[in-house]
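Commentary on secondary and tertiary structure
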Amino acid sequence: MKIAVAKLQSLVGQVLVHHGVAPARAPLLATTVVAAERDGSRSHGLQRLAGYVSSLSSGWVDGAAEPIVHEAGPSLLKVDARNGFAQVALAEAMPRLRAMAAGHGSAVLTTANGHHFAALWPDIEPLAAEGYVALTMVNTRARMVVWQGTRKVLGTNPMAFACPRKAQPPVVWDQASSVMSQGDVLLASAAKRPLSEGVGVDATGKATTDPDAVLKDGALLPFGGIKGGSLAFMIEVLATLGGARFGFEDDSGKIPGAVTSNAGQFLLLIDPRRFGGGFLDRIEALIEQLRDAGTGRLPGDLRYERRRIAERDGIEVSPDMHEYLTRKGRDASAA
Ligand code: NDP
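Below is a short write-up of the structure. Just so we're clear, the structure is a prediction, and the values are computed from it rather than from any experiment.

**Some remarks on the packing of aromatic side chains**
The relative placement of two aromatic rings is captured by the distance of their centres and the angle of their planes. Enumeration over the complete set of coordinates arrives at 5 aromatic pairs. Consider the rings of Trp147 and Phe233, whose centres lie 5.4 Å apart with planes at 40°: the pair is tilted. Note that Trp147 is positioned in the loop between strand E5 (133-138) and strand E6 (159-163) and Phe233 in helix H8 (residues 226-239), a separation of 86 residues in sequence. Looking at Trp147, the relative accessible area reads 38%, which means it is partly exposed.

**Here we look at a nonpolar patch on the surface**
Where nonpolar side chains cluster on the molecular surface, the patch consists of Trp147, Ile226, Phe233, Val237 and Leu241 and spans about 470 Å² of accessible area. Tracing the chain through its elements places Ile226 in helix H8.

**Observations concerning the site of the ligand**
Neighbouring the ligand are 23 residues, the closest being Ala118, Asp174, Ala176, Arg297 and Gly300. Between the ligand and His44 there is a distance of 3.1 Å, counted from an oxygen atom to a side-chain nitrogen or oxygen. Mapped onto the shell around the ligand, the elements with two or more residues apiece are strand E7 (171-175) and helix H10 (301-313). Ranked by residue count, the leading element in the shell around the ligand is E7, at 4 residues. In the shell around the ligand, the residues fall into 10 nonpolar, 8 polar and 5 charged.

Reading the values: rules and limits
Residues numbered from 1 in each chain as written. Predicted model: local features only at pLDDT ≥ 70, side-chain atom pairs only at ≥ 80, totals over all residues. Heavy atoms only, no water. Phe/Tyr/Trp six-rings, centres within 6.5 Å; stacked < 30°, edge-to-face > 60°. Helix = DSSP H or I, 4+ residues; strand = E, 2+ residues; numbered from the N terminus. Buried < 20%, exposed > 50% of the residue type's maximum accessible area, 1.4 Å probe, protein only. Patch = residues over 30% accessible without salt bridge, like charges linked within 9 Å, V, L, I, M, F, W, Y side chains within 5 Å. Areas by Shrake-Rupley, 256 points an atom, 1.4 Å probe, with all protein chains shown as cover. Salt bridge = Lys/Arg side-chain N within 4 Å of Asp/Glu carboxyl O. Near = heavy atom within 4 Å. Polar contact = N/O pair within 3.5 Å; in protein donor to acceptor, adjacent residues only side chain to side chain. Nonpolar A, V, L, I, M, F, W, Y, C, P; charged D, E, K, R; others polar.

Structure follows, in structure tokens:
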């Protein structure tokens with residue numbers, strides 16, 4: 001069945017509040033979850049809601065945490081998410097980050113002690129729509145083997161980049177460091193669909209196409225072999241500049257139900273207008289060359305198209321998810 005975007009946000013928000021997210025913060029998290037589903041980023045959409053609920057119920061994450069934002073330099077922000085969600089920490093820091101970028105031309109944020117369980121593009125697409133170039137990265141609990149290693153040390157560390165355009169929505173790409181995100185492996189497991197070769201290994205380090213073998217004590221592999229491992233390493237360094245845990249320091253295994261990663265985020269904001277005029281025209285010239293060379297869609301285009309359709313027709317929700325939301329909604333109203 002199809003549910004209108006705003007209605008779905010309200011249902012998800014209700015579930016989050018019922019499980020301990022501060023009512024003032026729930027709309028932000030609900031919007032992030034629903035935005036991913038709306039735009040077809042299903043690995044980080046509604047599928048994640050049970051993980052939020054489980055992490056909140058287990059006490060692993062604090063839905064009512066109030067982040068602390070500290071100025072570590074003229075254009076450096078250090079944010080302590082205080083074991084809450086990274087999006088809440090980012091929202092709290094955003095006015096100062098924008099002011100720094102407006103004043104100095106660029107600004108950097110690092111968040112520690114935060115849980116980022118979503119797609120990254122919602123964090124930066126609005127910034128590019130305002131004219132900024134933005135780059136963000138997040139580290140996760142150790143899930144990958146890299147550089148011929150045999151043990152998981154680095155996370156599937158995602159990164160996203162957003163570039164403004166002239167009278168067009170920004171170009172935004174957003175990708176994991178692994179061949180496939182953990183979320184997509186979960187979707188494959190739920191659908192009993194084998195993985196492609198080269199996505200992951202089992203507990204013994206042997207290549208496997210079985211999603212359950214990867215999820216159960218196996219590991220994911222970086223995209224692009226050694227080079228993807230190098231990017232994941234860089235992200236591990238940048239995302240933990242503010243003192244966040246490395247992926248291998250994750251101790252969620254001690255807490256039954258802890259699904260999210262307590263880790264770090266890095267965000268770089270640059271105002272290209274500071275370098276003089278013509279930036280947007282040059283980006284259009286670059287895109288025109290790519291189009292002439294045969295490029296079909298740009299990263300983000302498919303999301304924008306899906307968004308347009310979902311805003312018109314609603315978001316398709318499976319019967320199981322609808323039943324879950326209705327049941328959780330009933331629990332919330334009864335509480
Ligand atoms: P995908 O492989 O699905 O997509 C990667 C990027 O490539 C997207 O920006 C996509 O744009 C673009 N793209 C795909 N096909 C084309 C094409 N034909 N032409 C041009 N561009 C294209 O991403 P991943 O599976 O690696 O990651 C999925 C999500 O998982 C990300 O949102 C990531 O942030 C999230 N994630 C979050 C984690 C966390 O801890 N919070 C951990 C790991 C991943 P488009 O969107 O338009 O398809």
